[in-house]
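Here is how the chains run, residue by residue.
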Amino acid sequence: MTNILDVKSLHISLGGTSVLHDVSFRAGTNEFIGLVGPNGAGKSTLLRAIAGLAALDSGHCRVKDKPVDLYSPIERAQHISYLPQARPVYWSMLARDIVALGRFAYGSPLKLDDRDQAAVASALKDAGAESLADRPVAELSGGERARIHLARTLATETPLILADEPIAALDPAHQLSVMRMLRGKADAGHTIIAALHELPLASRYCTRIIILADGRVTGDNPSTKMSPELIETVFGVTPIMDSNGVINGLLPMTT
Ligand SMILES: Nc1ncnc2c1ncn2[C@@H]1O[C@H](COP(=O)(O)OP(=O)(O)OP(=O)(O)O)[C@@H](O)[C@H]1O
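Residues numbered from 1 in each chain as written. Predicted model: local features only at pLDDT ≥ 70, side-chain atom pairs only at ≥ 80, totals over all residues. Heavy atoms only, no water.

1. As for the sheet that holds strand S1 (residues 3–14)
What the four strands build is an open sheet, ordered S2-S1-S4-S5; its pairing is antiparallel. Edge positions in the sheet fall to strand S2 (17–28) and strand S5 (66–67), since each has one partner strand and no second. Where helix H1 (residues 43–50) meets the sheet, it contacts S1, S2 and strand S4 (58–63), and its direction lies at approximately 120 degrees from that of S1. (Pairing = 2+ DSSP bridges. Helix = DSSP H or I, 4+ residues; strand = E, 2+ residues; numbered from the N terminus. Contact = heavy atoms within 4.5 Å. Axes fitted to C-alpha atoms, helices over the stretch in contact; angles between N-to-C directions.)

2. Considerations on the sheet that holds strand S8 (residues 191–195)
In spatial order, the strands read S6-S7-S8-S3-S9-S10; together these six strands make up an open sheet with mixed pairing. Two strands lie at the open edges of the sheet, namely strand S6 (80–83) and strand S10 (216–222), each paired on one side alone. Strand-to-strand twist of the sheet, defined as the mean angle between neighbouring strand axes without regard to direction, takes the value 15 degrees. Here H1 sits on the sheet in contact with strand S3 (32–36), S6, strand S7 (160–164), S8 and strand S9 (208–213), set at roughly 150 degrees to S7. Helix H6 (residues 172–187) rests against S3 and S8 of the sheet, and its axis sits at about 130 degrees to S3.

3. Here we look at helix H5 (residues 142–154)
For H5, built from 13 residues, the straight-helix expectation of 18 Å at 1.5 Å per residue is met to within 8% by its first-to-last C-alpha distance of 18 Å. Across the 13 residues of H5, ten count as buried, placing the element largely inside the fold. Elements in contact with the buried residues of H5: S6, helix H3 (95–100), helix H4 (114–126), S7 and H6. (Expected span 1.5 Å × (residues − 1). Buried < 20%, exposed > 50% of the residue type's maximum accessible area, 1.4 Å probe, protein only.)

4. A short note on the pattern of salt bridges
Opposite charge on two side chains allows them to pair when their charged atoms are near. In the structure shown here, the tally under the stated rule is ten salt bridges. The shortest N-O distance in the salt bridge between Asp6 and Arg26 comes to 4.0 Å. Of this pair, Asp6 sits in strand S1 while Arg26 sits in strand S2; the two residues are 20 residues apart in sequence, bridging distant segments of the chain. In this structure, Glu157 and Arg103 form a salt bridge, with 3.4 Å as the shortest nitrogen-oxygen distance. Separated by 54 residues along the polypeptide, Glu157 in the loop between H5 and S7 and Arg103 in the loop between H3 and H4 bring together distant segments of the chain. Each of the salt bridges in this network shares a partner with another, and the network as a whole consists of Arg103, Arg115, Asp116 and Glu157. (Salt bridge = Lys/Arg side-chain N within 4 Å of Asp/Glu carboxyl O.)

5. Considering the pairing of S6
Burial along S6 is two-sided: Ile80 and Tyr82 and Ser81 and Leu83, pointing in opposite directions, are all buried. Here S6 pairs with S7 via four bridges, running parallel. What sits directly across from Tyr82, in S7, is Leu162.

6. Focus: the packing of H4 against H5
Packed helices, taken two at a time, are described by the angle their axes make and the gap between the axes. Two elements in contact, H4 and H5, have axes whose closest approach is 8 Å; the angle formed by their N-to-C orientations is 135 degrees. In terms of orientation, H4 and H5 fall into the oblique class. H5 is crossed by H4, and the crossing has right-handed handedness. Contacts between H4 and H5 involve Ala123, Leu124 and Asp126 from the first element and Ile148, Ala151 and Leu154 from the second. Taken together, the residues of the contact of H4 with H5 sort by class into five nonpolar, no polar and one charged. (Parallel < 35°, antiparallel > 145°, perpendicular 65-115°, else oblique. Left-handed = near helix turned anticlockwise from the far one by under 90°. Nonpolar A, V, L, I, M, F, W, Y, C, P; charged D, E, K, R; others polar.)

7. Examining the packing of H5 against H6
One can describe the packing of H5 onto H6 by two numbers: an axis separation of 13 Å at closest approach and a directional angle of 5 degrees. Accordingly, the angle class assigned to the pair H5 and H6 is roughly parallel. Note on element contacts: H6 touches H5 through His174, Val178, Met181, Leu182 and Lys185, opposite Arg147, Leu150 and Leu154. Across the contact of H5 with H6, the residue classes tally to five nonpolar, one polar and two charged.

8. Considerations on the site of the ligand
In the vicinity of the ligand, 14 residues are found, and the nearest of them are Gly40, Gly42, Lys43, Ser44 and Thr45. Here an oxygen atom of the ligand and a backbone polar atom of Ala41 are 3.1 Å apart. Here Gln85 contributes a side-chain N or O atom positioned 3.2 Å from an oxygen atom of the ligand. Relative to its unbound accessible surface of 640 Å², the ligand loses 58% to contact with the protein. Ranked by residues supplied to the shell around the ligand, first place goes to H1 with three residues. Per-class residue counts for the shell around the ligand are four nonpolar, eight polar and two charged. (Near = heavy atom within 4 Å. Polar contact = N/O pair within 3.5 Å; in protein donor to acceptor, adjacent residues only side chain to side chain. Areas by Shrake-Rupley, 256 points an atom, 1.4 Å probe, with all protein chains shown as cover.)

Written out as structure tokens, the structure is:
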């Protein structure tokens, strides 16, 4: 495993309130990290900071040993792809053209060369969105649109992929296929950090889970080594785990 990302002693405040406190972790190739935590825990803020989109109070985010704020926009876009949680589209564009925006850092999408075309086609396939490519994005359902935005993220072919709730709007079959696909990307050498609320899917497909609670890292373990007690404390739910440590379901806590 080669180290890609180094987040060190990160502190961030928003609107005068401290949101991330002393967050530190490293991530490397072949890792699919599920970033989990209750609403408001700081997951989106952390992903934005890694993407170079949030002002840091202190600490650093280095990608390939270079602080992310020292990257030029084009260089950063060639290293990091980012799927935000909110994905408004203000223009009526074909879904395929949205995906082609992922090639912007390589001089596209105004002129797509063969490599760009192949990246767009591959991303559409990986996101299960091939059949949507020639439809106006404004006419797509929420889950269909989410798959197009995911495809736009994948079309960048960056080593580091940051995805904020990539499966939140998807039906169960697409949730499973996207999680399997993201794990495949990690196995092929990418580093993936995804904010997720789907703990059973995270425990099944991620290689590692980082738990954020109140802006602090409260757990950082291989995905099948999550502590049931910690899950109960942080999320207020009881996990049903199999003998391999995979979470098969969640129940309300009885006490
Ligand atoms: N611009 C802002 N000004 C003030 N507070 C903010 C701002 N943006 C976010 N926050 C606060 O920062 C905290 C962390 O928000 P963040 O969006 O990172 O949480 P999250 O873990 O991604 O939550 P969710 O699971 O609901 O998406 C929340 O308490 C939120 O209210």
